[in-house]
Amino acid sequence: MKNNDLIYIGIGASAGGLEALQNLVNHIPTNTNFTYIVAQHLSPTYKSLLVELLSKDAPIKIKAAEDGELLLPQ
């Protein structure tokens, strides 16, 4: 693997996993080629506030992925 290879890291969490996710994103290093993909188990009709809640103190950009979007390191 080269230093500029992109690495995708998948993270799954239950609806009650917000505190653990906040702790995780608050300690993520900013100088990597990692893209983190978080999937949270919620009802499909529930309006998630995960992006807003994780963005408060995170050292990296947090955003919701969109269908067809190219995921890049932050």
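Residues numbered from 1 in each chain as written. Predicted model: local features only at pLDDT ≥ 70, side-chain atom pairs only at ≥ 80, totals over all residues. Heavy atoms only, no water.

S.K.: Please clarify how the packing of aromatic side chains should be interpreted in this entry.
M.R.: Enumeration over the complete set of coordinates arrives at one aromatic pair. Arranged with centres 6.2 Å apart and planes meeting at 80°, the rings of F34 and Y36 form a pair that is edge-to-face. Given a relative accessible area of 27%, F34 falls into the partly exposed group. Accessibility expressed as a relative area gives 24% for Y36, which makes it partly exposed. (Phe/Tyr/Trp six-rings, centres within 6.5 Å; stacked < 30°, edge-to-face > 60°. Buried < 20%, exposed > 50% of the residue type's maximum accessible area, 1.4 Å probe, protein only.)

S.K.: Would you mind going over the pattern of salt bridges with me for this structure?
M.R.: Proximity of charged atoms lets side chains of opposite charge pair with each other. The tally for this structure, following the rule as stated, stands at one salt bridge. Taking the shortest distance from any N to any O, the salt bridge between K63 and E69 comes out at 2.7 Å. Accessibility expressed as a relative area gives 39% for K63, which makes it partly exposed. (Salt bridge = Lys/Arg side-chain N within 4 Å of Asp/Glu carboxyl O.)

S.K.: Would you mind showing me how to read the environment of N31 here?
M.R.: One can find N31 in the loop between α1 (18-25) and β2 (34-40). C-alpha separation for the pair N31 and I60, spaced 29 residues apart in sequence, amounts to 9.6 Å. (Helix = DSSP H or I, 4+ residues; strand = E, 2+ residues; numbered from the N terminus.)

Shape descriptors only; they carry no functional weight alone.
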